[in-house]
Protein chains: 2
Amino acid sequence: MTQSILIAGRWRPAHASGAFRAENPATREALDEFPVSTWEDCDEAMRVASDAFQARWINDWPPERRHDPTAFAAFLAEYAARIEARKSDIVDMAHRETGLPVSPRLADVELPRTTNQLRQAAAAARDGAWALPTIDKQNNIRSMYGPIGPVIVFGPNNFPLAFNSVAGGDFAAAIAAGNPVVAKANTSHPGTTLILAQEAQAAAEKVGLAPGWIQLLYRTSHEDGERLVSDSRVGAIGYTGSRAAGLKLKAAADKAGKPIYLELSSVNPVVILPSALEERLDDIAGQFATSCLMGTGQFCTNPGLLILIAGEPTERFLETVVAKFKAAAPGTLLSANVAKSLAQGISMLIRAGAHTLVGGKPGTAAGYCHANTLLRAEGQQFLEASEALQTEMFGNASLAVVAEDIDEACLIVDQLEGNLTGCIYSHTGTADDAAYGQIAPRLRLKVGRLLNDKMPTGVAVSPAMNHGGPYPATGHPGFTAVGIPAALRRFAALQCYDNVRPHRLPPALRDK
Amino acid sequence: MTQSILIAGRWRPAHASGAFRAENPATREALDEFPVSTWEDCDEAMRVASDAFQARWINDWPPERRHDPTAFAAFLAEYAARIEARKSDIVDMAHRETGLPVSPRLADVELPRTTNQLRQAAAAARDGAWALPTIDKQNNIRSMYGPIGPVIVFGPNNFPLAFNSVAGGDFAAAIAAGNPVVAKANTSHPGTTLILAQEAQAAAEKVGLAPGWIQLLYRTSHEDGERLVSDSRVGAIGYTGSRAAGLKLKAAADKAGKPIYLELSSVNPVVILPSALEERLDDIAGQFATSCLMGTGQFCTNPGLLILIAGEPTERFLETVVAKFKAAAPGTLLSANVAKSLAQGISMLIRAGAHTLVGGKPGTAAGYCHANTLLRAEGQQFLEASEALQTEMFGNASLAVVAEDIDEACLIVDQLEGNLTGCIYSHTGTADDAAYGQIAPRLRLKVGRLLNDKMPTGVAVSPAMNHGGPYPATGHPGFTAVGIPAALRRFAALQCYDNVRPHRLPPALRDK
């Protein structure tokens, strides 16, 4: 039986052009069947979302009621509690659909991160400071951020809970800022998304959100996806996923003047300075291998590009990492597509001149997997083929680039595309200070988050976080996908009130 | 003699594909000749700007020095003082090139606004709060906004000083945020821009900004303009001007992943509620006529669309406005192009069903002008041809739409495109409260700035200002082109520091 979609507060069969099955990547066993929606479903979802948005923000309520965030905050809190109550169903299904370990990953890390994020968003909605209320009494001009309209969220494959289109960071931010959400499930974990949407819908009903404030589709044609993001009723779009698909949606949204926030591929360069290696080679090799192989390397911030300085310590470092990569059993990849893309990415780098230090071949386990892979290229090679050698290998693979010296490392950094993160490992004393001083300002301009002596995986939900960066890591370097309250402002419009009488103002803009 | 361009801190002849002459629109007398630059000039400007940016932000300076805003603040202050010292040259040239009155407009309003803006930007740069420094001590994660890279500014025709590409709001914001600027002069006032750039260059030299931090081109081909905004060395673009040209630049910039901030056309709807008219018809008619004809109607926030409710007071109101439009001598338009577009806009509205209450014909004065024009359409007509009837008539012309009742006025508001501003005039007591309650939330979602009992012209440089709005008034509803410090954040990237050692942090992110 093909699963239902959630439209207008009801679960109903899709107007489907076809169906697809979820798959257990650890066993290649087919799971439930889900519909591919036609434009009819997309159109109804947008109509319902738009009507719900209009009813919420266009009405004869007094401003106190219209701008009251209680329902949004209550929804987010209720939803978090329901996710916890249904934890084992959710985690089991996510495990089945993604191959990610139940514990600690799903049950002890990702699910708590998800509920924590929903609760932080609830607190931000209640508090209101996210909207940056600004009062100029002298001119009687006041402004704050307000809702932008229905938000479409496309979630990625690699976080079935914390970035899920109906439960993750984009979802929480869009709701907290006062917008309905049309969620497009990631097709590698539709069953997990379905369970989450059931709980979201139950929470929405309990707190009295309008039917259709949260809706769910599983899949559309590429053409309908592009039509959807450029629909006149859309407020904004949040997308996390591959660069190719993301840039197509961006082109469609840009043309229609719709803000689209993308979180695309990133190789997350890690520069290891010579004295750091001399000081603590084993420690850094251990941190790197752990970060690179964790979650089978399927993180947006996976350290995919090492930059090292030629010398004996670097050779020993690479040998140590190779040993660790050999010793670790390769994890399961999220899907057949991920396995295929990873193999293609590795091939592309090899064609561009990298050679294999370890791994490089698809694994032989029952599930989708690939041997833990470390490639190597010399600095000069990188400079000559920097575009190809920056191809993302999404999974348990990295490229180590060995530069002749710091000056060549600087040239390599100058060739980098925009990335989410960049790290520099340096001696705990001052021995690397001069090299750090050369590398850091270059890397600063290429990345959203600059780390020092720390691997980039692990993206704390902190008000100071930037999970973003220069194009093509994202579509705009001024926004973050993680971190509350800043993430809310992506789904908001700046609303100014000039000479508006006090009782007609949102309460946050009245004189205190 | 063809004037020189400013590249790399030197005035030199352009690599020109041709030349154009400025023109005095009040006399149609030809003024100085300016070059049309080829790509060679654009390329050199970008190379120089990029080198200057890199030298400023990539170096071995300690963070205290790298992040020291003193030079930017000193430049902005010095430049403001120099503009004042050369006031009469600047104002005379601007008057000659635009036909705008020397006094009060240029000398007493726009020039002081310009220097005030530069000084506010200087204060914001010095203060640093614009960058929203955020410190999470517990996780040792810190973030703030930093410079985005070379900014290209395209200034509009209607503010030769306050929005000038080398002196106006975008320029001041880009510099204060730490970026070099490549200014593209508006071709209707190149001589004014030249004088301003002379003073900017002198100020830059005095405070020791790198040569080429500020550069000036006058004109390029459309093709080179699109190539320029999509150049890999560009950080961001600020554009104020016509919708057609702006959307072409947007398409090019979007494709290259370059943030572009647009301020495009807007008809700035003004809704006048019935009891307000009964209460103070003459007063509102006076405010409207003044706002509509001021600067010959050539403001981004000119009230181009009146929405009235059918009845005897509305008829009297329109008669009063017609009398005022007749009594006022039509002002000079900024250029031959403006006069042509205005005539075309009026014709388009008439073809779409509007009829002329007053004016409608080109003027007969020596300069470019058009009779003060008020058109009328009924609500039903507007609903049937809402797209054509929202064509901007840039100049001294407005359309009055007479709705049958408040419900029809609501439908009209629902049909509006995104606008910079929207106003509602209401009875000073409570008589219009119900109608206000219907109109305001609808209008709120269509505009950046909602005004009450106040005309939209006059855009205070206030921290609470929003000179922005939903597409197609701008390219993104979350940003404002006027208002410091918010305007600075358009030209900035979010920069996060994770586990970075204290002495390597920008001072604003260190523990206090």
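So, how was this worked out
Residues numbered from 1 in each chain as written. Chains lettered and ligands numbered in written order. Predicted model: local features only at pLDDT ≥ 70, side-chain atom pairs only at ≥ 80, totals over all residues. Heavy atoms only, no water. Contact = heavy atoms within 4.5 Å. Buried area = accessible area lost by both parts, 1.4 Å probe. Salt bridge = Lys/Arg side-chain N within 4 Å of Asp/Glu carboxyl O. Least-squares fit on C-alpha atoms with pLDDT ≥ 70 in both. Disulfide = S-S within 2.5 Å. Buried < 20%, exposed > 50% of the residue type's maximum accessible area, 1.4 Å probe, protein only. Pairing = 2+ DSSP bridges. Helix = DSSP H or I, 4+ residues; strand = E, 2+ residues; numbered from the N terminus. Axes fitted to C-alpha atoms, helices over the stretch in contact; angles between N-to-C directions. Expected span 1.5 Å × (residues − 1). Right-handed = clockwise from strand over helix to strand, strands pointing away. pLDDT = per-residue confidence, 0-100.

1. Description of the interface of chain A and chain B
Here is step 1 of the chain: In this assembly, 65 residues from chain A lie in contact with 65 residues from chain B.
Here is step 2 of the chain: Buried area between chain A and chain B, summed over both chains or domains, comes out near 5300 Å², and the portion from carbon and sulfur atoms is 53%.
Here is step 3 of the chain: At the boundary of chain A with chain B, the tally comes to 8 salt bridges.
Here is step 4 of the chain: Arg449(B) serves as the salt-bridge partner of Asp498(A), at 2.6 Å between the closest nitrogen and oxygen.

2. Observations regarding the relation of the copies chain A and chain B
Here is step 1 of the chain: Mapping chain A onto chain B calls for a rotation angle of 180 degrees and an axial translation of 0.0 Å; the resulting RMSD is 0.0 Å. The superposition operator between the copies reduces to a two-fold rotation axis. Considering only C-alpha atoms, the residue of chain A closest to the rotation axis is Asp254(A), which sits at 3.3 Å.
Here is step 2 of the chain: Comparing contact sets, 100% of the residues at the interface of chain A also lie at the interface in chain B, consistent with an isologous, same-surface contact.

3. Here we look at the state of the cysteines
Here is step 1 of the chain: According to the stated counting rule, one finds 0 disulfides over all chains in the structure shown.
Here is step 2 of the chain: Not engaged in a disulfide, the cysteine Cys496(B) finds its nearest cysteine sulfur in Cys423(A); these two sulfurs lie 11 Å apart.
Here is step 3 of the chain: When its relative accessible area of 0% is taken as the criterion, Cys496(B) is described as buried.

4. A closer look at the sheet that holds strand 18 (residues 447-452) of chain A
Here is step 1 of the chain: In space, the 10 strands of this open sheet follow the order 14(A)-15(A)-16(A)-13(A)-12(A)-17(A)-18(A)-19(B)-6(B)-5(B), with mixed pairing throughout. Both edges of this open sheet fall to strand 14 (355-358) of chain A together with strand 5 (134-136) of chain B, since each of them pairs with a single strand only. Taking each pair of neighbouring strands and ignoring which way they run, the sheet shows an average axis angle of 25 degrees.
Here is step 2 of the chain: Where strand 12 (residues 269-272) of chain A and strand 17 (residues 419-425) of chain A come together, 3 bridges link them in parallel fashion. Pairing of Val271(A) across the sheet is with Ile424(A), part of strand 17 of chain A.
Here is step 3 of the chain: Here helix 10 (residues 274-293) of chain A sits on the sheet and contacts strand 12, strand 13 (305-309), strand 15 (373-378), strand 16 (397-403) and strand 17 of chain A; the angle it forms with strand 17 of chain A, its principal contact strand, is near 145 degrees.

5. Observations concerning the side chain of Arg489(A)
Here is step 1 of the chain: Counting through the fold element by element, Arg489(A) comes out in the loop between strand 18 and strand 19 (492-498).
Here is step 2 of the chain: Here Arg489(A) is in contact with Trp130(A), Leu132(A), Tyr145(A), Phe479(A) and Leu132(B), once residues within four sequence places are set aside.

6. Some words on helix 11 (residues 312-327) of chain B
All names here are of chain B.
Here is step 1 of the chain: In this model helix 11 runs 23 Å from its N-terminal to its C-terminal C-alpha over 16 residues, within 8% of the 22 Å that 1.5 Å per residue would give.
Here is step 2 of the chain: Where helix 11 is concerned, the buried positions are Pro313, Thr314, Phe317, Leu318, Thr320, Val321, Val322 and Phe325.
Here is step 3 of the chain: In the core, the buried residues of helix 11 are packed alongside strand 12 (269-272), helix 10 (274-293), strand 13 (305-309), strand 14 (355-358), strand 15 (373-378) and strand 16 (397-403).

7. Quick look at the pairing of strand 9 (residues 214-217) of chain A
Looking along a regular strand, one sees side chains alternate from face to face of the sheet.
Residues and elements named next belong to chain A.
Here is step 1 of the chain: In strand 9, alternate side chains face the same way, and those of Ile214 and Leu216 on one face and Gln215 and Leu217 on the other are all buried.
Here is step 2 of the chain: Sheet topology note: the strand 8 (residues 181-184)/strand 9 ladder contains 4 bridges and is parallel. Within the sheet, the bridge partner assigned to valine 182 lies in strand 9 and is glutamine 215.
Here is step 3 of the chain: As a crossover connection, the stretch from strand 8 through helix 7 (residues 190-207) into strand 9 is right-handed.

8. What to know about the environment of Ala71(B)
Here is step 1 of the chain: Structurally, the position occupied by Ala71(B) is in helix 3 (residues 70-85).
Here is step 2 of the chain: Remark: the alpha-carbon pair of Ala71(B) and Ile152(B), spanning 81 residues in sequence, is separated by 20 Å.

9. Side note on the confidence of the model for chain A
Here is step 1 of the chain: Here chain A averages 97 in pLDDT, and 100% of its residues register 70 or above.
Here is step 2 of the chain: Reported for the predicted complex are a pTM of 0.97 and an ipTM of 0.97.

10. Focus: the pattern of salt bridges
Here is step 1 of the chain: One pass over the full model with this rule turns up 58 salt bridges over all chains.
Here is step 2 of the chain: With a shortest N-O distance of 2.8 Å, Arg119(A) and Glu84(A) are connected by a salt bridge. Separated by 35 residues along the polypeptide, Arg119(A) in helix 5 (residues 102-127) and Glu84(A) in helix 3 (residues 70-85) bring together distant segments of the chain.
Here is step 3 of the chain: What makes Glu84(A) partly exposed here is its relative accessible area of 37%.
Here is step 4 of the chain: The salt bridge partner of Arg12(B) is Asp41(B), with a shortest N-O separation of 3.1 Å. Of this pair, Arg12(B) sits in strand 2 (residues 10-12) while Asp41(B) sits in helix 1 (residues 39-57), and the two are 29 residues apart along the sequence.
Here is step 5 of the chain: Relative accessible area serves as the criterion here: at 8%, Arg12(B) is assigned to the buried category.
Here is step 6 of the chain: Owing to a relative accessible area of 0%, Asp41(B) belongs among the buried residues under this scheme.
Here is step 7 of the chain: Connected through salt bridges with shared partners, the residues Glu78(A), Arg82(A), Arg86(A), Asp89(A), Glu199(A) and Lys206(A) form a single ionic network.

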